[in-house]
Structure formats: structure tokens, C-alpha cells
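Coordinate analysis (summary)
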Amino acid sequence: MKRHIRLILPIITKVDGFVDGVAEFENDDFKIDAVNIDIGPSSVENEIDEALAATGVILKAIEAENEGVDAVIIDSCGDAGIFPAREAVSIPVLGAGQTSMHVASMLGGRFSIVTVLDSVVGLFEDLAKKYGVYDHLASIRWIDIPVLDIHKNLGAVKQKLAEESLRAIEEDGANGIVLGCTGFIGCAAFIEKLLKSKGYDVPVVDPTTTCLVISQGLIKLNLSHSKKMYPTPATNKPVIGFNLPLFEPPVQKLKAVK
């Protein structure tokens, strides 16, 4: 029976052609699908967007586990809602940002993140500290193109990514590159080719595809996050304004009047 991996896009914007970018990772063993959140921002480019996306991510993670999905990927490098989602479910929850940073630090020691806008620099610095890889972070560079504009001129995006990646290596001392937006899927090969033409054979980590391969490995190894570290909430309590299954009020049983 095929195992099932679901990508949760923590945005409400439908991304044309996105599934085509991950189709090659489907095979006889794995089914892959993708869903948007139902409530949240149209793109994730700052801390406010992260906070607004988190509840939608939690809901989609719970929905996925209830449907029998074997692992979920938060398909955004900001990893919106990753820790509460792990508390909410027992299946593996991977974040594109955390996974790609750890892989890059493993493969190159010092890495740089090349992302969309300077508004996410502080966010990525905080995540690198939280994930324990801040000492491996050479720099964070950006191409000054909003998320929703990436596919309007993908050729220009690839060129800008390659140029900033080259600067990260030559000026910042990076030994590897993390693409700091899952919207950059399909760009890594172009960047690697340009860097090699300049004499730099370094890893360029695509966050979405890296997460997919690692999630497949975790499923095969029957590994998931520690519920000691991310315990499921033990009690229900009143919560106003959020339709979260974890906080549904207990059913009041009425006694028959005799």
C-alpha cells in the first residue's frame, strides 16, 4: 500500500503548477498531494503572516492525520505552526526551513540563505538560533521580489538567486546555499550550474524537495517527533474564536429528571 505525504501550503493562494514540481517524487511507494490552508495570509513574508498562518496549519495537520496521511510537510521556509502542529499530531511534521538548514549545515558547515525580501531576515535569524544552526549561518541575502511575483518572471528570479548565491560564497564565506522560499522550487539546478561555472561546487538546497525525500526516509524508518518534547495537550479548555478540535468543549451529559 502506498504511503501518503501531504504538503501543507500555509497560504490561501493557489499556486499553479506546484504539484508538477514534486511529481517526480511520487512512485509505487509514495503518494504526494498538497493543500492550502483555509484561513490565513495570501503569502508569508513577515512575522505577522507567520502568526496568521499557524492556526490554519494546525487544522490541516490534524485533518491529515485523521485521513490516514503518514507525514506532513509545512511547505514554507518560515515553518509556520511547526511546533504546535507537532503537539497536535503524532505523524511526522517537517518544516521546509528547519530541514533545509540542517541539511545545509551538515553538507557545507557554513551556509547562506537566499530569500525573497529583507522583511524575513529577522525571522530566519531567529529560526536559525532556535534550530541550533545560527553559528553555521554565513549570511541572509534577498532578491527583493515578493512571493506572489516569483512566477511572473521565473527567468529573472533564477538569475537574481544565482547572483546573490555567488556573492554569498565570495563575500560571506558560505559553503552552501539554502533557497529561502519554497516558491523557488525548480531553481536549484540553474544556480548550481552557474556556481560551478565560477569554480564553486557547493550544495544548493531546495527546501521542498529536500523535505520530501527526508519525510520518505522517516516513514520507512518508522520515526516521528518525540511526544516527550511535543506532548499532546492533556486537557480541553475554553478557547474563543478558534475551531480547533484540540479545544472542543467536553460534551455535557444531561441527567434524566425523574
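Here goes a summary of the coordinates provided.

Rules used throughout
Residues numbered from 1 in each chain as written. Predicted model: local features only at pLDDT ≥ 70, side-chain atom pairs only at ≥ 80, totals over all residues. Heavy atoms only, no water. Phe/Tyr/Trp six-rings, centres within 6.5 Å; stacked < 30°, edge-to-face > 60°. Helix = DSSP H or I, 4+ residues; strand = E, 2+ residues; numbered from the N terminus. Buried < 20%, exposed > 50% of the residue type's maximum accessible area, 1.4 Å probe, protein only. Salt bridge = Lys/Arg side-chain N within 4 Å of Asp/Glu carboxyl O.

Summed over all chains, the structure comprises 2 aromatic pairs. Geometrically, the ring pair formed by Phe83 and Tyr131 is edge-to-face, given 6.4 Å between the ring centres and 85° between the ring planes. Linking Phe83 in helix α2 (residues 82–88) with Tyr131 in the loop between α4 (121–130) and β6 (137–142), this pair joins segments that are 48 residues apart in sequence. Geometrically, the ring pair formed by Phe83 and Tyr230 is stacked, given 5.7 Å between the ring centres and 15° between the ring planes. On the criterion of sequence distance, the pair formed by Phe83 in helix α2 and Tyr230 in the segment after α7 (207–221) is long-range, its members being 147 residues apart. A relative accessible area of 13% places Tyr230 in the buried class. Clustering of aromatic rings is evident, with ring pairs tying together Phe83, Tyr131 and Tyr230.

As enumerated under the stated definition, the model contains 10 salt bridges in all. A salt bridge links Arg141 to Glu164, with the shortest nitrogen-to-oxygen separation between them at 3.0 Å. Linking Arg141 in strand β6 with Glu164 in helix α5 (residues 154–172), this pair joins segments that are 23 residues apart in sequence. Here Glu164 falls in the buried class, since its relative accessible area comes to 15%. Here Glu164 ties to Arg167 by a salt bridge, and the two come within 2.8 Å at their closest N and O atoms. Here the residue Glu164 and the residue Arg167 both occupy positions in helix α5, the gap between them amounting to 3 residues, near one helical turn.

This is a description of form; function is not addressed.
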